[in-house]
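What the coordinates show
One letter stands for each residue in the lines below.
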Amino acid sequence: MNNLATLPRLPNGDIRYPRGWFVIGVSGDFRPGEPVRMKYFEKELVGYRGLDDETVHVMDAYCPHLGAHLGVGGIIEGNNIRCPFHHWQFNTEGQCIDIPYANRIPAKACLPTWHTHESHGWVFLWHDPQGNPPLYEIPVLEEVGDPGWSKWISRRLELKTHPREIIENVADKAHFVFVHGFKEVLHFENIYEEHLATQVMQGLSQFGSTNSTRATYYGPAYQVTWMDSIFQSRLINANTPIDANTVHLWFGVLLKKQTIDANTKMLIEFMLAQQEVEVGTEISDEHIEAIQMAYVEATRKGFDEDVAIWEHKLYRTNPVLCDGDGPLAKLRKWYAQFYTDVADHPASSQ
Ligand code: FES
Ligand SMILES: [Fe+2]
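Residues numbered from 1 in each chain as written. Chains lettered and ligands numbered in written order. Predicted model: local features only at pLDDT ≥ 70, side-chain atom pairs only at ≥ 80, totals over all residues.

The next thing to look at is the overall build of the protein chain. Secondary structure assignment for the protein chain yields 5 helices and 18 strands. By the compact-globule yardstick of 20 Å for 350 residues, the protein chain fits well, its C-alpha radius of gyration being 22 Å. If you line up the protein chain on its principal axes, its C-alpha atoms span 75 × 50 × 35 Å. Here the protein chain holds 350 residues, and 30% of them are scored as buried. The long-range fraction of contacts in the protein chain, counting pairs at least 24 apart against all pairs at least 6 apart in sequence, stands at 54%. (Helix = DSSP H or I, 4+ residues; strand = E, 2+ residues; numbered from the N terminus. Rg over C-alpha atoms; globule rule 2.2 N^0.38 Å. Buried ≥ 20, exposed ≤ 12 C-beta atoms within 10 Å, placed from the backbone. Contact = placed C-beta atoms within 7 Å.)

Structure, rendered in structure tokens:
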């Protein structure tokens, strides 16, 4: 539940969605020749991978002719897409370049297009209600494709909340003990720098192991977590708003392949107890995948713990805080930059 009255608005009164890069899927979601129907930022969209350039293209979905949805039955030809209704064809700039039964193409026969970016197995969409081109970059995760690391395992959840609730985890030091079952938060620090927000944390888990994480948001919607625990892992977590109170939450887990010592063997056996995988001292791809699944389940459980709160809370504009809380005001100031015009927040153009 979200109190709509506290949401940022555009001058015309519409709900304002943040400026930035948003995940719209993993690379495998966009198969050559198959249009993908999507709805984000309250807009119906179509995405497809060009057959020649192999690039993901995204444009508004409703045909300017009589309004058919290009994501449902749209025909991909080369890098273009043809409407399923009367076969008008649009190029990657959204311009209609062919009408099979007309001599002249109307000048207004075009569709708004969106900037996309694909990197390390994920596909991103740039959103800015003012229409600015991308103002920052998504860094490449070097571990992807490295034979010393696993492949991605990823999931998508649909939540009834607003991304601002997800973002506030960055500053919420106190909830790790009460919501996620940590015994203690040993170290907690936030660093806000232009479009980056980093949380550095060391916590004592319920199993007595020390978890060290460094988690950075690149803009308002895409976070990478570097975690050193029994295994080294990388976690991606991304939020993309569908409407004012519905959001897709993606996460993906990568694990480093490493040898198992006697101390970690027991812990791993415990983690894999449900999966009936035997653990020796040599680690195989089967082990890694099984451990990765355990990480995915643990991550999912962590999100479920947050979601149980997020989906039922309201957003307090002026919360009563105590001295043990994290730097919530700083977090909110950082997040606000993505809801204002670029001219008002030059830092976001870095
Ligand atoms: S509705 Fe798309 S071509 Fe007619
Ligand atoms: Fe949390």
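What follows continues from the structure just given.
Once the domains are mapped, the protein chain shows domain 1 (16–127) and domain 2 (153–338). Using only C-alpha atoms to locate each centre, domain 1 and domain 2 end up separated by 33 Å. Counting from both sides, the interface comprises 14 residues of domain 1 and, opposite them, 13 residues of domain 2. Taken together, the elements giving at least two residues each to the side of domain 1 that touches domain 2 come down to strand S1 (20–26) and strand S2 (36–40). Here the side of domain 1 that touches domain 2 takes 6 residues from S1, the largest share from any one element. Taken together, the residues of the side of domain 1 that touches domain 2 sort by class into 10 nonpolar, 1 polar and 3 charged. (Domains from an automatic or database assignment. Nonpolar A, V, L, I, M, F, W, Y, C, P; charged D, E, K, R; others polar.)

The strands making up a sheet are joined through hydrogen bonds of the backbone, oriented either antiparallel or parallel. With antiparallel pairing, the 4 strands of this open sheet are ordered in space as S5-S6-S7-S8. The open sheet has two edge strands with one neighbour each: strand S5 (75–77) and strand S8 (96–98). The sheet contact formed by S5 and strand S6 (residues 80–82) spans 3 bridges and is antiparallel. Bridging across to S6, isoleucine 75 finds its partner in arginine 82. (Pairing = 2+ DSSP bridges.)

What follows concerns the sheet that holds strand S12 (residues 153–159). A sheet is described by the order of its strands in space; here 7 strands give the open sequence S12-S18-S17-S16-S15-S14-S13, paired in antiparallel fashion. The sheet terminates laterally at S12 and strand S13 (184–193), the two strands that pair on one side only. The average undirected angle you get between the axes of adjacent strands in this sheet is 15 degrees. Bridging between strand S14 (residues 196–204) and strand S15 (residues 210–218) involves 9 bridges; their strand directions are antiparallel. When the sheet's bridge partners are listed, leucine 196 is paired in S15 with tyrosine 218. On top of the sheet, helix H4 (residues 285–310) reaches S12, strand S17 (232–243) and strand S18 (246–255); it is set at about 150 degrees to S18, its chief contact. (Axes fitted to C-alpha atoms, helices over the stretch in contact; angles between N-to-C directions.)

Let us look at H4. Taking 1.5 Å per residue, 26 residues should reach 38 Å; H4 reaches 36 Å between its end C-alpha atoms and fits that length. Residues of H4 that are buried: Ile291, Ala294, Tyr295, Asp306 and Trp310. (Expected span 1.5 Å × (residues − 1).)

Moving on, we come to the pairing of S13. Taken together, the 9 bridges between S13 and S14 define a ladder with antiparallel strand orientation. Paired with asparagine 190 across the strands is glutamine 199, a residue of S14. Adjacent in sequence and paired antiparallel, S13 and S14 are bridged by 2 residues, among which glutamate 194 carries a positive phi angle near 50 degrees.

Turning to the environment of asparagine 132, a few remarks are in order. Checked against the element boundaries, asparagine 132 lands in the loop between strand S11 (122–127) and S12. Distance in space between the C-alpha atoms of asparagine 132 and aspartate 341 is 9.8 Å, their sequence separation being 209 residues.

Our focus in this paragraph is the nonpolar core. Grouped together as the largest cluster of nonpolar side chains are 51 residues, with contacts concentrated most on Phe22, Val23, Ile24 and Phe124. Top element by residues in this core is S11. It accounts for 5 residues. Both domains that meet at this core, namely domain 1 (16–127) and domain 2 (153–338), each give it at least three residues. Residues within four places of isoleucine 24 in sequence aside, it is in contact with Met38, Tyr40, Gly47, Val123, Phe124, Leu125 and Thr240. (Core = buried A, V, L, I, M, F, W, Y, C linked by C-beta atoms within 7 Å.)

Excluding glycine, residues mostly have negative phi values, and the peptide bonds linking residues are mostly trans. Phi at phenylalanine 41 is positive, roughly 55 degrees, even though this residue is not glycine. Among the secondary structure elements, phenylalanine 41 is positioned in the loop between S2 and strand S3 (43–49). Residue class for phenylalanine 41 comes out partly exposed when judged on the 18 C-beta atoms lying within 10 Å of it. You will see that glutamate 194, though not glycine, has its phi angle at about 50 degrees, which is positive. Along the chain, glutamate 194 falls in the loop between S13 and S14. You can call glutamate 194 partly exposed: it has 15 C-beta atoms within 10 Å.

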